[in-house]
Amino acid sequence: MRHPSELDLALYGGQDLGGWRKWCIGRHTARCESCAAAASRYASDSRAIATAARRMPPAFDWNRVAGEMRANIRVAIAAGECVAWPRPAARLPWRAALMATSVAALILTGWWVLLPQSLHRSAQSRATVNQSGVVLETTGFSIERRAEGATLALSHPSDERTVLTVNTDGVLRARYVDDDSGQVTINNVYAQ
Ligand SMILES: [Zn+2]
């Protein structure tokens, strides 16, 4: 069932609708309890406003009162600007920035967790040591020692967890952990 808009119900309740629309909404409210209740509330509000308007003094000057209200609102805004309390407008960007940072951190964490293990390894293990013509380099799945055109590579199974460290003396160390046996293999390769 398609319900009339709040505006139409308000106009209907206030007897401000006519013709076809009045007939349609009358027909709908006869079958729909919630819309009938809303229209009834609008009708009672409309009656209360009409009663209040009748209690106004006969010589009530709306234009003068409106002018005074505008002046009072301007004074209140000016007074509010003089008071140095924390402004919501100034706090909002800070909170927005914090929220944006949290969301970015969440996305990055999710990306990192969902990244394939091999990419984790290669991203973590890229390292090169170049000392006196000897190059030690990790390729993601092995350590290579290159000197005078010859290459020595220490490879390890790609499904093992690996920690690679490099120190300033030209030593590349790889620590492989076998998840099944718990065995740890440590290789040190020196650039000498
Ligand atoms: Zn309805």
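Refer to the preceding data block for the structure.
Just so we're clear, the structure is a prediction, and the values are computed from it rather than from any experiment.

> Talk me through the nonpolar core; I want residue IDs and the actual numbers.
Inside soluble globular proteins, nonpolar side chains tend to come together where they are buried. Counting residues in each nonpolar core, the largest one holds 7 residues, listed as Leu 9, Leu 17, Ile 25, Cys 32, Cys 35, Ala 38 and Ala 39. Take this core: its biggest share by element is 3 residues, from helix α3 (residues 33-54).

> Before we move on, could you go through the side chain of Thr 29 and cite the residues and values that matter?
As for its placement among the helices and strands, Thr 29 is situated in helix α2 (residues 19-31). Among the polar contacts made by the side chain of Thr 29, one reaches the main-chain carbonyl oxygen of Gly 26 at a distance of 3.1 Å.

> Talk me through the pattern of salt bridges; I want residue IDs and the actual numbers.
A full pass over the atoms with the stated rule returns 2 salt bridges. Note that Arg 21 is salt-bridged to Asp 8, the shortest N-O span being 2.3 Å. A residue pair is termed long-range when its members are at least 10 positions apart, and Arg 21 in helix α2 and Asp 8 in helix α1 (residues 6-13) qualify at 13 residues. Exposure remark for Arg 21: the relative accessible area of 42% places this residue in the partly exposed category. Between Arg 64 and Glu 68 there is a salt bridge whose closest N-O contact spans 2.9 Å. Placement of the pair is Arg 64 and Glu 68 together in helix α4 (residues 62-82), with a separation of 4 residues, close to one helical turn.

> Quick rundown of the coordination of the zinc ion? Include the residues and the values.
Note on the zinc ion: its protein donors are His 3 (ND1), His 28 (NE2), Cys 32 (SG) and Cys 35 (SG). The metal-donor distances range over 2.0 to 2.4 Å. Coordination geometry of the zinc ion: the 4 donor atoms subtend angles of 107 to 113 degrees at the metal centre, consistent with an arrangement described as tetrahedral. Site description for the zinc ion: donor spacing in sequence, H-x24-H-x3-C-x2-C. Of this pair, His 3 sits in the segment before α1 while Cys 32 is found in the loop between α2 and α3, placing the two residues 29 residues apart along the sequence.

Parameters at a glance
Residues numbered from 1 in each chain as written. Predicted model: local features only at pLDDT ≥ 70, side-chain atom pairs only at ≥ 80, totals over all residues. Heavy atoms only, no water. Core = buried A, V, L, I, M, F, W, Y, C linked by side-chain atoms within 4.5 Å. Buried < 20%, exposed > 50% of the residue type's maximum accessible area, 1.4 Å probe, protein only. Helix = DSSP H or I, 4+ residues; strand = E, 2+ residues; numbered from the N terminus. Polar contact = N/O pair within 3.5 Å; in protein donor to acceptor, adjacent residues only side chain to side chain. Salt bridge = Lys/Arg side-chain N within 4 Å of Asp/Glu carboxyl O. Donors = N, O, S within 2.8 Å, 3.2 Å for Na, K, Ca; no water. Tetrahedral: all angles 85-135°; square planar, octahedral: opposite > 155°, others 65-115°.

Function cannot be read off these values alone, since they describe shape.
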